Amino acid sequence: DGGRKLYLGDACGRVAAHELNNGSLLTEFEKHGTDISCLAVWPGTNKIFSASWDGMVKVHSDECSRPPQMKAEFTNHKDGVTCLACSPELWLLASGGTDMKVILYDLRTLKYEHTIGEGDKRSEKFKSVIAAIDFLSNRCLLAVADQGGNVSLWRVRPHPDKYTLVSRFKNI
């Protein structure tokens, strides 16, 4: 929150925090088995999220005065993770992947919550790799864009119709 750290992930699976002013290494987090694909920060907390091309999502705590801790590890994606989004207001983390799925995690319990895009009765399958995701927290919505140019809006908790498709359009 102070804007003094830069979090970086590399092709060797390393995730680290660096001093913004001089680039010096501050903290190294638990390594992934393959390239880091994206990072996200939970604003107002010491939590950082990292994801890699093998489908792994990790939740780390940046303890500053103590060694960092890995709080959770998720292997719900069958392939690479392409994007992450955090909603502190809804206590949700979302990840999108090359497996054409969006996975939601509960930030209170640090557990898997739901998969959007599996073709169950509430959602249909995505037809392209997930390119971007973002929460519209005050509306209990998750926006999902795929590489085919499709943008969709999905209800998320605590809305009573959670995980249902609200709207879909083609970005042309």
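Preceding this paragraph is the structure being described.
These lines cover the structure that appears in this document, whether it is placed above or below. (Residues numbered from 1 in each chain as written. Predicted model: local features only at pLDDT ≥ 70, side-chain atom pairs only at ≥ 80, totals over all residues. Heavy atoms only, no water.)

### A look at the overall build of the protein chain
A tally of helices and strands in the protein chain yields zero helices and 15 strands. Over its C-alpha trace the protein chain gives a radius of gyration of 16 Å, about what one expects of a compact globule, namely 16 Å for 172 residues. Based on the C-alpha atoms only, the size of the protein chain along its principal axes is roughly 50 × 30 × 30 Å. Long-range contacts, defined here as pairs at least 24 residues apart, represent 37% of the contacts in the protein chain between residues at least 6 apart. With an accessible surface of roughly 8800 Å², the protein chain has 49% of that area assigned to carbon and sulfur atoms. The averaged location of the 21 negative side-chain charges in the protein chain is 5 Å from the averaged location of its 22 positive side-chain charges. (Helix = DSSP H or I, 4+ residues; strand = E, 2+ residues; numbered from the N terminus. Rg over C-alpha atoms; globule rule 2.2 N^0.38 Å. Contact = heavy atoms within 4.5 Å. Areas by Shrake-Rupley, 256 points an atom, 1.4 Å probe, with all protein chains shown as cover. Lys, Arg positive; Asp, Glu negative; His and termini not counted. Charge placed at Lys NZ, Arg CZ, Asp CG, Glu CD.)

### What about the pairing of strand β9 (residues 92-97)?
Burial runs high along β9: six of the six residues are buried. Both faces of β9 are covered, namely the face carrying Leu92, Ala94 and Gly96 and the face carrying Leu93, Ser95 and Gly97. Judged from the six bridges that link them, strand β8 (residues 81-87) and β9 form a sheet pairing that is antiparallel. Looking at the pairing, Leu84 lines up with Ser95 of β9. Taken together, β8 and the strand that follows it, β9, pair antiparallel across an intervening segment of four residues, in which Trp91 is found at a positive phi of about 60°. Pairing of β9 with strand β10 (residues 102-106), which is carried by five bridges, proceeds in the antiparallel orientation. Residue pairing across strands places Ser95 opposite Ile103, the latter belonging to β10. A loop of four residues connects β9 with β10, the two strands running antiparallel in sequence, and Met100 in this loop sits at a positive phi of about 65°. (Buried < 20%, exposed > 50% of the residue type's maximum accessible area, 1.4 Å probe, protein only. Pairing = 2+ DSSP bridges.)

### Concerning the side chain of Thr27
Residue position: Thr27 is located in strand β3 (residues 25-28). Judged by its relative accessible area of 11%, Thr27 falls in the buried class. Here Thr27 is in contact with Val15, Ala16, Ala17, Asp62 and Pro68, once residues within four sequence places are set aside.

### Section: the side chain of Asp106
With respect to the helices and strands, the residue Asp106 is situated in strand β10. Since its relative accessible area comes to 13%, Asp106 is described here as buried. Within the structure, Asp106 has its side chain in polar contact with the backbone nitrogen of Arg108 (distance 2.6 Å). With near-sequence residues (within four places) excluded, Asp106 lies in contact with Trp91, Lys111, Glu113 and Arg157. (Polar contact = N/O pair within 3.5 Å; in protein donor to acceptor, adjacent residues only side chain to side chain.)

### Comments concerning the pattern of salt bridges
Overall, the coordinates contain seven salt bridges when judged by the stated rule. One salt bridge in this structure joins Glu73 and Lys58, with 3.8 Å as the shortest N-O distance. With Glu73 in strand β7 (residues 69-74) and Lys58 in strand β6 (residues 57-61), this pair connects stretches of sequence that are 15 residues apart. The buried category is assigned to Lys58, whose relative accessible area is 3%. (Salt bridge = Lys/Arg side-chain N within 4 Å of Asp/Glu carboxyl O.)

### Description of the environment of Arg14
In this fold, Arg14 is placed in the loop between β1 (5-9) and β2 (15-19). In sequence terms Arg14 and Phe74 are 60 residues apart; their C-alpha atoms lie 17 Å from each other. Every residue in contact with Arg14, bar those within four places of it in the chain, is listed here: Leu8, Gly9, Glu28, Lys31 and Ile36. Of the polar contacts made by the side chain of Arg14, one reaches the side chain of Asp10; its length is 2.7 Å.

### Concerning the sheet that holds strand β13 (residues 141-146)
With respect to topology, four strands assemble into an open sheet ordered β12-β13-β14-β15, the strand pairing being antiparallel. The open sheet has two edge strands with one neighbour each: β12 (130-136) and β15 (165-170). Across the sheet, the mean angle separating the axes of adjacent strands is 15° when strand polarity is ignored. Inspection of the sheet shows strand β14 (residues 150-155) paired to β15 by five bridges, in the antiparallel sense. Of the residues in β15, the one forming a bridge with Leu153 is Ser167. (Axes fitted to C-alpha atoms, helices over the stretch in contact; angles between N-to-C directions.)

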